[in-house]
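Survey of secondary and tertiary structure
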Amino acid sequence: MSKSENVIKKFDNSVMHSYGRYPLVLEHGEGRTACDEDGKRYIDFGSGIGTNSLGYCDEEWADAVCAQVRKLQHNSNYYYTSVQADFAETLCKSTGYSKVFFGNSGAEANECAIKIARKYSFDKYGKGRHTIITLVNSFHGRTIATLSATGQEVFHNYFFPFLDGFVNVTANDIDDLKAKLDDTVCAVMLEYIQGEGGVNSLDQEFVDAVYELCGQKDVLVIADEIQTGVGRTGKLLAGDWFGKKADITTLAKGIAGGLPMGACLVNEKLSQVLTPGTHGSTFGGNPVSCAGGLVVFGRVANESFLSGVQAKAAMIREKLSTCNEVAGVSGIGLMVGISLKTKKAGDVAKEALNRGLLVLTAKEKVRLLPPLTITESELSEGLDILIGILEE
Ligand SMILES: Cc1ncc(COP(=O)(O)O)c(C=O)c1O
């Protein structure tokens, strides 16, 4: 039995089978390359589902994280730390938001957004204005509230009852939005590019209508930028491509370079909604994650880094346009969905693994979310493998 087979056997004996895993055991990573237990190397076009934003074990990031671990690994939120203050200030300054609440995941960031939207409305208008509109095909997380928000029937099984107060509108359907935006609504929650839903961008016209209609009724806009934020699209926030700033933006995934963190950012209007005792999280704002996040933002939140991301994004699209099997490419920046003419995305991902390339899938598409630091030559090498599979 190989080393990997041993690990998989032990793992499956003790870990619940809630994921469909590939038979791959990663042992270490370096830059944009992962290495398995048996010494095989893989170019990583998935970055832990858009999480290892600076690749594996970036030196500056690892130094900052290790230094923080040796200094203070955790403290309760009864006390302050300077590293959390620094990261909060960096986040607010670079995104233009007033205040942040820290959790540990995307779902937690969205839970916070939902609570803030409902409390803002309750404080100002009283009971009965609690509905949150989300979009068909959206994905907002796996907790009961964020599953209730998620606009995909496939997730609404087994765990009944789901929460009341979520209504779905078809993405890009302005009439549907108008019909459902009644007096019970306190917020509209959207992903500018639906990630898990299949890498589908919203239309500018629809986004404009959301902001205009919500603005008229003091209905909040919540942008779930958990997958699209932190430079993934070649702008710090994907909302920048649409010329929009939501009342609330949620971030997670790449925010701390692979350490658990979620952030709920709010504008001035909402900055006093949460008061002592109304929300909390034991690990939220963990100093080690904040130290990692500071390095990520130090690197990503600058124009030359972001234009580098855009250049790499253009290169991917140019190379894919030469491939006959590619029916279309969706997404923005380093968030890429590839529609195929004849092949199945799952089969392509499996074959890519055999050939030393990690790719993701989203619905029927092959999905790429490479580390933002990937080089053009690494991209080229990985794309050659992918196109080789697609053209066979
Ligand atoms: C847009 C979006 N929102 C929320 C989540 C949930 O994040 P987490 O798995 O960190 O809870 C995800 C995860 O894929 C996501 O893509």
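Residues numbered from 1 in each chain as written. Predicted model: local features only at pLDDT ≥ 70, side-chain atom pairs only at ≥ 80, totals over all residues. Heavy atoms only, no water.

Details of the overall build of the chain
The condition that has to hold: Think of it this way: any DSSP run of H or I at least four residues long counts as a helix, any run of E at least two long counts as a strand, and we number them from the N terminus. Restricting the calculation to C-alpha atoms gives the radius of gyration, and the globule rule supplies 2.2 Å times the number of residues raised to the power 0.38. To sort residues, take the accessible area from a 1.4 Å probe on protein chains only and compare it with the maximum for the residue type: under 20% means buried, over 50% means exposed, and anything in between is partly exposed. For this analysis, residues touch if any pair of their heavy atoms sits within 4.5 Å. Using a 1.4 Å probe, accessible areas were evaluated by the Shrake-Rupley method; residue-level cover was limited to the displayed protein chains. This count recognises Lys and Arg as positive and Asp and Glu as negative, with His and chain-terminal groups excluded. Charge placement uses NZ in Lys and CZ in Arg. For Asp and Glu, CG and CD serve respectively.
Along the backbone of the chain there are 13 helices and 17 strands. Radius of gyration (C-alpha) of the chain: 21 Å, near the 21 Å computed for a compact globule of 392 residues. If you line up the chain on its principal axes, its C-alpha atoms span 60 × 50 × 45 Å. In the chain, which comprises 392 residues, the proportion classed as buried is 54%. The long-range share in the chain, meaning contacts at least 24 apart out of those at least 6 apart in sequence, stands at 72%. With the model as given, the accessible surface of the chain reaches about 17,900 Å², and the carbon-plus-sulfur share is 53%. Of note, the chain has its 39 positive side-chain charges centred 3 Å away from the centre of its 48 negative side-chain charges.

Things to note about the site of the ligand
Rules: A molecule or strand has a residue near it when one of that residue's heavy atoms lies within 4 Å. Here a polar contact means two N or O atoms within 3.5 Å. Within protein one must be a hydrogen donor candidate and the other an acceptor candidate, and residues neighboring in sequence count only if both atoms are side-chain atoms. For this scheme, ten residues count as nonpolar: Ala, Val, Leu, Ile, Met, Phe, Trp, Tyr, Cys and Pro. Four count as charged, namely Asp, Glu, Lys and Arg, and the remainder, Gly too, count as polar.
What surrounds the ligand is a group of 13 residues, the closest being Gly106, Ala107, Asp224, Gln227 and Lys253. Asp224 places a polar side-chain atom, nitrogen or oxygen, 2.7 Å from a nitrogen atom of the ligand. Residue Lys253 places a side-chain N or O atom 3.2 Å away from an oxygen atom belonging to the ligand. When isolated, the ligand has an accessible area of 390 Å², and the protein chains bury 82% of it. Examining the composition of the shell around the ligand, we find that 3 residues originate from one element, helix α5 (residues 106-125), more than from any other. Per-class residue counts for the shell around the ligand are 3 nonpolar, 6 polar and 4 charged.

With respect to the packing of aromatic side chains
Convention followed: Only centres within 6.5 Å qualify two rings of Phe, Tyr or Trp (six-membered ring in Trp) as a pair; their planes then separate them into stacked at under 30 degrees, edge-to-face at over 60, and tilted for everything else. Either the NZ atom of lysine or the CZ atom of arginine qualifies as a charge over a ring when it sits within 6 Å of the ring centre and within 35 degrees of the ring normal.
Overall, the coordinates contain 6 aromatic pairs when judged by the stated rule. Each ring, one from Phe87 and one from Phe102, has its centre 5.8 Å from the other, and the planes form 15 degrees; the classification is stacked. Pair noted here: Phe87 is in helix α4 (residues 82-95) and Phe102 is in strand β4 (residues 99-103), with a separation of 15 residues, a long-range link. Relative to Phe162, the ring of Phe160 has its centre 5.6 Å away and its plane inclined at 85 degrees; by these criteria the two rings are edge-to-face. Here Phe162 falls in the buried class, since its relative accessible area comes to 17%. Chaining the aromatic ring pairs together yields one cluster made of Phe87, Phe102 and Phe297. Here Lys235 stacks its cationic end above the ring of Trp241, 4.7 Å away from the centre of that ring.

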